Amino acid sequence: MPRGFGGIFSLQLKTQTYAELFMKSLHYWKNATSLGGVESLIDHRHRWDTTVHPGLLRLSCGLEDSEDLLKDILQAVKRVHSLTKKEDA
């Protein structure tokens, strides 16, 4: 992240299936329930709390190159989007 600061943000995908595919498509982000470390982490809250939307993902940016993290997220979004196009056809 710019000036060395990390960040935490959430994404909410339409379904649990999309959330799981998104997570599996990432290369730099590690699955974890604790956020805020030096490595980039992702948490699928619904696994632990079924009152949370099944498509909600929380991401915590680590110290990896921000361009690499962004590219990783974009390729995962494209992969999920390609699945939604197939389902709509």
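To be clear, the structure that these remarks concern was listed above.
Trainee: Sorry, what's going on with the environment of Val-77 here?
Mentor: Inspection of the secondary structure assignment puts Val-77 in helix H2 (residues 66-88). Put simply, Val-77 and Leu-21 are 56 residues apart on the chain and 9.4 Å apart in space, counted from C-alpha to C-alpha.

Trainee: Looking at this structure, how should I read helix H1 (residues 16-25)?
Mentor: An α-helical turn contains 3.6 residues, so any two residues separated by three or four positions project in the same direction. Within H1, burial applies to Tyr-18, Ala-19, Leu-21, Phe-22, Met-23 and Ser-25. Capping the start of H1, Thr-15 holds a side-chain oxygen 3.4 Å from the backbone nitrogen of Thr-17, two or three residues further along.

Trainee: Would you mind going over the sheet that holds strand S1 (residues 8-12) with me for this structure?
Mentor: Through backbone hydrogen bonds, the strands of a sheet pair up, either in parallel or in antiparallel fashion. What the four strands build is an open sheet, ordered S1-S4-S3-S2; its pairing is mixed. One side of each edge strand has no neighbouring strand; the edge strands of this open sheet are S1 and strand S2 (30-31). Inspection of the sheet shows strand S3 (residues 41-43) paired to strand S4 (residues 56-60) by three bridges, in the antiparallel sense. Paired with Ile-42 across the strands is Leu-59, a residue of S4.

Trainee: Can you walk me through the pattern of salt bridges in this structure?
Mentor: Side chains that differ in sign of charge can pair as their charged atoms come close. Counted according to the given criterion, the structure contains three salt bridges. Taking the shortest distance from any N to any O, the salt bridge between Lys-30 and Glu-39 comes out at 3.3 Å. Under the relative-accessibility criterion, Lys-30 is labelled partly exposed at 46%. The partner of Asp-43 in a salt bridge is Arg-45, and the shortest N-O contact between them spans 2.7 Å. Of the residues examined, Arg-45 reaches a relative accessible area of 21% and is grouped as partly exposed.

Trainee: It is not clear to me how the environment of Ile-8 should be interpreted in this structure. Could you clarify?
Mentor: Inspection of the secondary structure assignment puts Ile-8 in strand S1. Remark: the alpha-carbon pair of Ile-8 and Lys-85, spanning 77 residues in sequence, is separated by 29 Å. For Ile-8, the residues in contact, after removing those within four places along its chain, are Leu-35, Leu-59 and Ser-60.

Conventions and cut-offs
- Residues numbered from 1 in each chain as written.
- Predicted model: local features only at pLDDT ≥ 70, side-chain atom pairs only at ≥ 80, totals over all residues.
- Heavy atoms only, no water.
- Helix = DSSP H or I, 4+ residues; strand = E, 2+ residues; numbered from the N terminus.
- Buried < 20%, exposed > 50% of the residue type's maximum accessible area, 1.4 Å probe, protein only.
- Polar contact = N/O pair within 3.5 Å; in protein donor to acceptor, adjacent residues only side chain to side chain.
- Pairing = 2+ DSSP bridges.
- Salt bridge = Lys/Arg side-chain N within 4 Å of Asp/Glu carboxyl O.
- Contact = heavy atoms within 4.5 Å.

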